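So you can see what is in the structure, the chains are spelled out below.
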Amino acid sequence: MERPFPPCQAACPVRTDTREYVNLIAWGRFEEALQVIRKVNPFPSVCGRICQHPCEAKCRRGALDAAVALKELKRFVTEIETAPAPAMELVPVTRGKIAIVGAGPSGLTAAQDLREMGYGVTVLERLAHPGGMLNLIPKYRLPERILRKDVEAILARGIELKCNCEIGRDVQLSDLQADGYQAIIVCAGLSRSRGLALPGFGAERFVAAIPLMMDVWAGNPVPVGRKALVIGGGNVAVDVARTLRRLGVEQVTMACMESHAEIPASEEEIAAATEEGIGLMPSWAPKRVLKKDGHVAGLELMRVTRVFDDKKRFSPQYDPAHVKAVAADMVVLTIGQAGDTSWTLGSPVKLDRRGRIVADRELHSTSEPRVFLAGEVLNGPGSAIQAIADGRRAAAIVDQFLRTGIMKSPPPEDRAIVGEFPKAAHDKLHRLDRMPMPQVPGPERLAGFHEHELGYDQAAALTEAGRCLNCGSGPTIDEVKCASCLACFRLCPLDGITIQKKMVAAPETCQACGLCAAECPQGAITVGHWTREQFREQIDRNLDVARPARPRAAVVTCAHAATSKSESDAAAVHLRVPCVTHLAARDLLRLIANGIEEIRVVLCSPAACKHASGQQRAKQVLTAAVQRARAVRPKVTIEFVEAGQVLSESPSVQGVSQ
Amino acid sequence: MIVVRRKPIESILAFLAPYRKVLLLGCGSCAAVCFAGGEKETEEMACLLPVMAADKGMDLEVRAATCQRVCDWEFVEPVLAGDDKPDAVVSFSCGAGTNLLADHLGAIRVFPGVDTLFIGATTEHGQWQEMCSGCGDCVLDRTFGICPIARCSKSILNGPCGGSKDGKCEINPETDCGWIKIVERAQALGKLDDLASTYIAPKNWASSHHGGPRRVKREDLKIAKP
């Protein structure tokens, strides 16, 4: 039976195995954590900076104290210094060639996936650099080197990139078809700002967001005023407002139609804007442009009484009597974006009455065979991670079509999702504060476009990763072996086991502490990926390595305390367990049978341990095991040492079994 | 369940002195539930036994295996299949399983790894109590579900005796007086008069072990294969 998805993974458009990479970080296995992310996401560094992290919104820890800082952890793991990656062996081109239009997140993702499948891939980009709309994200949020790092890693797989090559201008769809591309996937994004039919729009200092941000990105001089009004409430509006502050605009106000509760921008972005002194005017819409000496002098705004109707459709209503004049010498419109469909002119790709490309959203297809769409040009505005997911989806569909001639959408992943954490168990859970992201203070940020979020250090990352509740990785029970002894039922600190003929672990309660597996008299329980056999192999392997020295001491370290100095005992055999709660009596006896007489168990301080309630039980069971072993080895000792999160060179440990 | 207790490791090792290849056979039923002879306990023993043997200059090759129920031969047979037969088997099941092994194992010597104690129940995790003596002639109908044979130290049929003090037994002050429990139970059910007027006549102990080894034979369940 497949385990249910943890809610974080289910919420991620590319189904990143969040729980897995967070646990790997908690255990100090950073390189492996990065590999878990890379498996589904070619933009790990970018997402570590700017992802809207739908995973965090669904994190079950949120209902207890605060969600695990998943984006921050992702960023941490992408920044770990490692030796330069060995030159990648390119996948040989064994299939036909594919053209991808647009080097944004969806286009490059589709390109990478198809290239890895053996297709020859050429990406056409209208701008001078790849990255698409990611380029327009202000550098204080997404430094250029971060974007380049991901993009270069994708291109290094043997993808041809042609910049300054715009479809419809520099090359026509028919040219690509004539060049023998077996499929063309257009991922051109939404590159045009929507305007408003207000007099004066388009004049200097009354501009739309995209041209303004393009100029900022390109380093062109941008004329700004002293008082700016930004119209719009999305993340782009916040980007513009915060950019203007950095360009020296003294007073920036954002006005949007949505009410405070409806503002589409993320809470974090709004909070950051507020810290930077940006004013917020929810429920106001532009009515009239105010002018002075032929220049924009502000806007007259009218009160919005509602934006959406009962069916959540956009249907604004105003109170024309309630107006307000806001003085501004600069106005920027950020009220949405539209795609550029001019490339379809003269091609067989059909548009509908409203000028939109006729397309099948499920199949990514257009009216023209072998011409596909992906990303925002197909689905409308969305996040980077949605674009990445859409690129992956399009690649899978195109591949299937080219291999079989069948157009079919990939089967949905309809695994169950771990449910809410039961209220009854809330009080039994150890509260752990979320690690704050170190920040440059608001006023200091405005001096330039330097990143103001500084990233976690190793200690913060380990602590934060240790907060993960391991949702859904709880025990699987071998029903044949299970003797129905009830030990797990009686022992579970969260009362997460029920009896239905045999024992059943409630996935919504279990935190995978492993106490039940360690205690089970039949070895019928497996928790997470941790198995007795793997640990036994770890013991044997490490003893083998150490054997010439005949070590008398062993240090068994909770993986969450793995970077502690207290484990650095060069003369000892070093072993790791996911948490001391996973350690079983017979694991220790195996060590003792191999000549170990001093056992030191390094564990987290109870204040930092999410399984704190299980620590005591583990100590009791392990101490009793050592007492039993004294019948054979009277000198055996066991000591429990609390680890601080102290950074050190940890001695090399032969693989931590999960 | 049948409650067993692991024998001291020294005793087990002493059994094995003349043998080299030993199978430790765990039982996944009662012996597992009372944490004395399941997979975990058997593996623990497999860790420690060779160490102690080596200290004594013995060359012991130990294998541990656990089957679902040692008192059914069909579960045991696959564990002992193959040519690599042990010289001796230490059984961590109750005496029933160990006996069955001895009946089947021919030249292979069988030893008990546990002492079989009683038919009992778990009163809390890690604590078991005798509840039934298997006398073959149940009187629980007259004693309100509490067994005077198993839970009275003297197994008297009409109690309590003069050795009962403050609800405890004179044999061991930590042992509840079985007959006081019977009285309290009758009282709680409003049936104290019934108890007072009931005289339990001496039992026919032939149905207990005194009539020799017991067996149950059900003709209606007999499988007749062509």
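Thresholds, definitions, all that
Residues numbered from 1 in each chain as written. Chains lettered and ligands numbered in written order. Predicted model: local features only at pLDDT ≥ 70, side-chain atom pairs only at ≥ 80, totals over all residues. Heavy atoms only, no water. Core = buried A, V, L, I, M, F, W, Y, C linked by side-chain atoms within 4.5 Å. Buried < 20%, exposed > 50% of the residue type's maximum accessible area, 1.4 Å probe, protein only. Helix = DSSP H or I, 4+ residues; strand = E, 2+ residues; numbered from the N terminus. Contact = heavy atoms within 4.5 Å. pLDDT = per-residue confidence, 0-100. Pairing = 2+ DSSP bridges. Buried area = accessible area lost by both parts, 1.4 Å probe. Salt bridge = Lys/Arg side-chain N within 4 Å of Asp/Glu carboxyl O. Polar contact = N/O pair within 3.5 Å; in protein donor to acceptor, adjacent residues only side chain to side chain. Nonpolar A, V, L, I, M, F, W, Y, C, P; charged D, E, K, R; others polar. Axes fitted to C-alpha atoms, helices over the stretch in contact; angles between N-to-C directions. Parallel < 35°, antiparallel > 145°, perpendicular 65-115°, else oblique. Left-handed = near helix turned anticlockwise from the far one by under 90°. Phe/Tyr/Trp six-rings, centres within 6.5 Å; stacked < 30°, edge-to-face > 60°.

Residues and elements named next belong to chain B. In terms of nonpolar packing, the biggest core is built from 84 residues, with Leu16, Leu25, Leu49 and Leu101 touching the most fellow members. The element contributing the most residues to this core is helix α3 (residues 39-55), with seven residues. Dropping the residues within four chain positions of it, Leu101 is found in contact with Leu25, Val70, Trp73, Val76, Val89, Ser91 and Val110.

This paragraph deals with helix α17 (residues 458-465) of chain A. All buried positions along α17(A) are accounted for by A:Ala460, A:Ala461, A:Leu462, A:Glu464 and A:Ala465. Each element contacted by the buried residues of α17(A) is listed here: α2 (18-26), α3 (30-38) and α6 (70-78) of chain A.

Glancing now at unusual backbone geometry. Note that the residue after B:Gly159, namely B:Pro160, is joined by a cis bond; omega there is -5°. Topologically, B:Pro160 is positioned in the loop between α6 (148-151) and β8 (164-165). One non-glycine residue, A:Ser283, lies in positive phi territory at about 65°. Looking at the secondary structure, you find A:Ser283 in the loop between β9 (279-282) and β10 (284-292). In this model, B:Phe35 sits at a positive phi of 50°, which is unusual for a non-glycine residue. Looking at the element boundaries, B:Phe35 is found in the loop between α2 (30-33) and α3. The exposure class of B:Phe35 is buried, given its relative accessible area of 17%.

In regions of low pLDDT, the predicted coordinates are not meant to be interpreted in detail. On average, residues of chain B score 95 in pLDDT, and 100% of them are at 70 or above. What the predictor reports for the complex is a pTM of 0.85 with an ipTM of 0.87.

With that out of the way, let us pick up the sheet that holds β8(B). Residues and elements named next belong to chain B. Across the sheet, three strands lie side by side as β8-β9-β10; this open sheet has antiparallel pairing. Edge strands, defined here as strands with exactly one partner in the open sheet, are β8 and β10 (172-176). Bridging between strand β9 (residues 168-169) and β10 involves two bridges; their strand directions are antiparallel. Paired with Lys168 across the strands is Asp176, a residue of β10.

With 24 residues of chain A at the interface, the matching set in chain B holds 23 residues. For the pair chain A and chain B, the two sides together bury roughly 2100 Å², of which 59% comes from carbon and sulfur. When residues of chain A are sorted by the area they lose upon contact with chain B, A:Pro521, A:Arg586 and A:Val632 head the list and together hold 27% of the total. Between the two partners, chain A and chain B, sit six salt bridges. The salt bridge involving B:Glu39 is made with A:Lys481; its shortest N-O contact spans 2.7 Å. The interface formed by chain A and chain B contains ten residue pairs in polar contact (both at pLDDT 80 or more). When contributions to the side of chain A that touches chain B are tallied by element, the ones reaching two or more residues are α18 (487-491), α19 (515-519), α21 (585-593) and α22 (612-629) of chain A. At five residues, the largest contribution of residues to the side of chain A that touches chain B is made by α21(A). Across the side of chain A that touches chain B, the residue classes break down as 13 nonpolar, two polar and nine charged.

Turning our attention to the packing of α2(A) against α17(A). Residue and element names in this part refer to chain A. Look at α2 against α17: their axes get within 8 Å of each other, and the N-to-C directions meet at 130°. Judged on the interaxial angle alone, α17 and α2 are oblique. For the element pair α2 and α17, the recorded crossing hand is left-handed. Contacts between α2 and α17 involve Val22, Ile25 and Ala26 on the former and, on the latter, Ala461, Leu462 and Ala465. Looking at the contact of α2 with α17 residue by residue, the class counts come to six nonpolar, no polar and no charged.

Quick look at the packing of α21(A) against α3(B) now. Following both chains from N to C, one finds α21(A) and α3(B) inclined at 10°, their axes separated by 9 Å at the closest point. Considering their axes alone, α21(A) and α3(B) lie roughly parallel with respect to each other. For the pair α21(A) and α3(B), the contacting residues are A:Ala585, A:Arg586, A:Leu589, A:Arg590 and A:Ala593 in the first and B:Glu39, B:Lys40, B:Glu43, B:Glu44, B:Cys47, B:Leu48 and B:Val51 in the second. Across the contact of α21(A) with α3(B), the residue classes break down as six nonpolar, no polar and six charged.

Once that is clear, we can look at the packing of aromatic side chains. Counted according to the given criterion, the structure contains six aromatic pairs over all chains. Between the aromatic rings of A:Tyr140 and A:Phe449, the centroid separation amounts to 6.2 Å while the plane-to-plane angle is 40°, which identifies the pairing as tilted. With a gap of 309 residues between them, A:Tyr140 in the loop between β2 (120-124) and α8 (144-155) and A:Phe449 in the loop between α16 (442-445) and α17 connect regions that are remote in the sequence. Taking the relative accessible area as the measure of exposure, A:Phe449 reaches 27% and is therefore partly exposed. Pairing B:Phe15 with B:Phe111 gives two aromatic rings, centres 5.1 Å apart and planes at 5°, and the pair type is stacked. Of the two residues, B:Phe15 is situated in helix α1 (residues 9-15) and B:Phe111 in strand β5 (residues 109-112); the sequence distance between them amounts to 96 residues. Its relative accessible area of 25% is what places B:Phe15 among the partly exposed residues.

Moving on, we get to the pairing of strand β2 (residues 21-27) of chain B. Residues and elements named next belong to chain B. Within β2, seven of the seven residues are buried, which leaves it mostly tucked inside the rest of the structure. Residues Lys21, Leu23, Leu25 and Cys27 of β2 are buried on one face, and the alternating residues Val22, Leu24 and Gly26, pointing to the opposite face, are buried as well. The pairing of β2 with strand β3 (residues 61-67) spans seven bridges and is classified as parallel. Each residue of the ladder has a partner; that of Leu24, found in β3, is Ala64. The sheet contact formed by β2 and strand β4 (residues 88-91) spans four bridges and is parallel. Bridge pairing in β4 links Leu24 to Val90.

Residues and elements named next belong to chain A. Tallied over the entire structure, the rule returns 56 salt bridges over all chains. Residue Glu597 is joined to Arg552 by a salt bridge in which the shortest nitrogen-to-oxygen separation is 3.5 Å. Taken together, the residues Glu597 in the loop between α21 and β24 (598-604) and Arg552 in the loop between α20 (532-546) and β22 (553-558) connect sequence positions 45 residues apart. By relative accessible area, Glu597 is classed as buried at 17%. One salt bridge connects Arg600 with Glu639, and the closest N-O pair in it is separated by 3.6 Å. Here the residue Arg600 occupies a position in strand β24, and Glu639 occupies one in strand β25 (residues 637-643), the gap between them amounting to 39 residues. The structure contains a network of salt bridges with shared partners spanning Arg141, Asp239, Arg242, Arg246, Glu269, Glu275, Glu276 and Arg445.

Residue and element names in this part refer to chain B. The residue Cys67 is located in strand β3 in this model. Look at Cys67 and you get buried, because its relative accessible area is 5%. Separated by 90 residues in the primary sequence, Cys67 and Leu157 have C-alpha atoms spaced 40 Å apart. Beyond its immediate stretch of four places on either side in the chain, Cys67 contacts Leu25, Gly26, Cys27, Gly28, Phe75, Val76 and Val79.

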